Amino acid sequence: MHIFEKLAEYRYEQVVFCHDEATGLRAIIAIHDTTLGPALGGCRMWPYRSEDEAVTDALRLARGMTYKAAASGLNLGGGKSVVIGDPHKDKSEALFRSLGRYIETLGGRYIVAEDVGISTGDIHHIQVETSYVVGADVSYGGSGDPSPFTALGVVQGMRACVEEVFGTASLEDRTVAVQGLGHVGYHLCRLLHDEGARLIVTDLEAAAVQRVVREFGAKAVEPDEILAMPCDVLAPCALGAVINDETLPRLRCRIVAGSANNVLDETRHGEALAERGILYAPDYVINAGGLINVADELEGYNERRATKRVMRIADSVRRIIAISKRDGVPTNVAADTLALERIAAISSMERLHTGHPYGQLSRRRETL
Ligand code: NAD
């Protein structure tokens, strides 16, 4: 791999290779852009087939976090860490403490959280060695499960889309088809039910379906039927790449707005949705509620403040729709524009010397 070419392509700032023979740690910390603030992003543990694959994943995910934080109005940059290994076999206390020490050496340029293959227990080991951690369990001073906040953000984004398409932001009597009733999907159904929406749902787990049918009067369909159900909003809350060449012709919704990451199989599918007259709420904007909530820990966690910030996802989606119209581009492209415009605006500020060169950093550190 020509690593510097890769870094130059999207202007990555820094990549740190962490190696600890004794604990078996082989990890990569990728920092994409810290114009807006320290790079925050989860740690993923995965049995990558090659080092190239691990580096590529870390870089891709770190860049995604830059866009997500910027479009969500957070004063954070984008970063991500990956640990090479099998999360079922290769974990140990020493390995995660070793990673924690590496994170500490970055002095706050990178703040870690949980991601695929990492448990709250692993986070607690990291936390022994560094304070640059968010998303710990409530009992360890963290903000706990982000899923209810992610679901709340999805509802706000959905509201903005419904307003655009139907002229009113009310979700009452709107039909929403929810694919996946796990952590986010369940809370999403609860909130939509409270708003008077009609629910069509599916999951691979029968118990998850039965619970939502029982509690919220949802109509259950088979997993292979959900995408073709006539509805106002399709909410993918399970897998990525659900909007692809095969599924597109079958869609019978007016809006796609859910929590799943990487909803579009390829970028061009955003354009294809727009051509079919379907409004797409870009995934990394509408599902940012969990990130917004966890980021609040950096200022001393306050649930009310975090909730208010999550509610602003509706404004972000409205702004994206406006950019989409202004530039004549699909909403997935407009989301990137929103993020890049914010980074450009902040980096173009006059560089006035404020007299406290280390003030910002020490203030942040105090709250960690
Ligand atoms: P989860 O694992 O708790 O739930 C996913 C659910 O989808 C499971 O119940 C699973 O059985 C179901 N499922 C899987 N394949 C399916 C299929 N083909 N058809 C129907 N159901 C299927 O995950 P989650 O935390 O609820 O996250 C859901 C999605 O939202 C994921 O894509 C995740 O990356 C994304 N996301 C989650 C959060 C969060 O706060 N949890 C934040 C941002 C993005």
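Residues numbered from 1 in each chain as written. Predicted model: local features only at pLDDT ≥ 70, side-chain atom pairs only at ≥ 80, totals over all residues. Heavy atoms only, no water.

### So, the site of the ligand
Alright, step 1. Neighbouring the ligand are 18 residues; Thr150, His183, Val184, Asp203 and Ser259 lie closest to it.
Alright, step 2. A distance of 2.6 Å is found between an oxygen atom of the ligand and a side-chain nitrogen or oxygen belonging to Asp203.
Alright, step 3. Measuring from an oxygen atom of the ligand, one finds a side-chain N or O atom of Asn261 at 3.0 Å.
Alright, step 4. Protein contact buries 73% of the 830 Å² of open area that the ligand shows by itself.
Alright, step 5. Of all elements in the fold, only α5 (147-166) and α6 (183-194) reach the threshold of two or more residues within the shell around the ligand.
Alright, step 6. Residues that form the shell around the ligand fall into these classes: eight nonpolar, eight polar and two charged. (Near = heavy atom within 4 Å. Polar contact = N/O pair within 3.5 Å; in protein donor to acceptor, adjacent residues only side chain to side chain. Areas by Shrake-Rupley, 256 points an atom, 1.4 Å probe, with all protein chains shown as cover. Helix = DSSP H or I, 4+ residues; strand = E, 2+ residues; numbered from the N terminus. Nonpolar A, V, L, I, M, F, W, Y, C, P; charged D, E, K, R; others polar.)

### What about the environment of Thr150?
Alright, step 1. Summarising the element assignment, Thr150 is placed in helix α5.
Alright, step 2. Linking Thr150 and Val310, residues 160 residues apart in sequence, is a C-alpha distance of 8.1 Å.
Alright, step 3. With sequence-adjacent residues up to four places away left out, Thr150 is seen in contact with Val184, Ser259, Ile286, Asn287, Gly289 and Gly290.
Alright, step 4. Within the structure, Thr150 has its side chain in polar contact with the backbone nitrogen of Gly290 (distance 3.2 Å). (Contact = heavy atoms within 4.5 Å.)

### Brief notes about the packing of aromatic side chains
Alright, step 1. With the rule as written, the count across this model stands at two aromatic pairs.
Alright, step 2. For the ring pair Tyr186 and Phe216, a centre distance of 5.6 Å and an interplane angle of 45 degrees mean the geometry is tilted. In this pair, Tyr186 sits in helix α6 while Phe216 sits in helix α7 (residues 206-216), placing the two residues 30 residues apart along the sequence.
Alright, step 3. Since its relative accessible area comes to 13%, Tyr186 is described here as buried.
Alright, step 4. Classification of Phe216 as buried rests on a relative accessible area of 10%.
Alright, step 5. Above the plane of the ring of Tyr10 lies Arg63, whose end atom (NZ or CZ) is 3.5 Å from the centre.
Alright, step 6. The residue whose ring lies beneath Arg174 is Phe166, and the NZ or CZ to ring-centre distance is 3.8 Å. (Phe/Tyr/Trp six-rings, centres within 6.5 Å; stacked < 30°, edge-to-face > 60°. Buried < 20%, exposed > 50% of the residue type's maximum accessible area, 1.4 Å probe, protein only. Lys NZ or Arg CZ within 6 Å of the ring centre and 35° of its normal.)

### Looking at the sheet that holds strand β6 (residues 175-179)
Alright, step 1. Read from one edge to the other, the open sheet built from six strands follows the order β8-β7-β6-β9-β10-β11, with strand pairing classed as parallel. Among the strands making up the open sheet, the edge pair consists of β8 (219-220) and β11 (279-280).
Alright, step 2. Sheet topology places β6 next to strand β7 (residues 198-202); five bridges connect them, and they run parallel. Within β7, the position partnered with Val178 by the bridge is Val201. (Pairing = 2+ DSSP bridges.)

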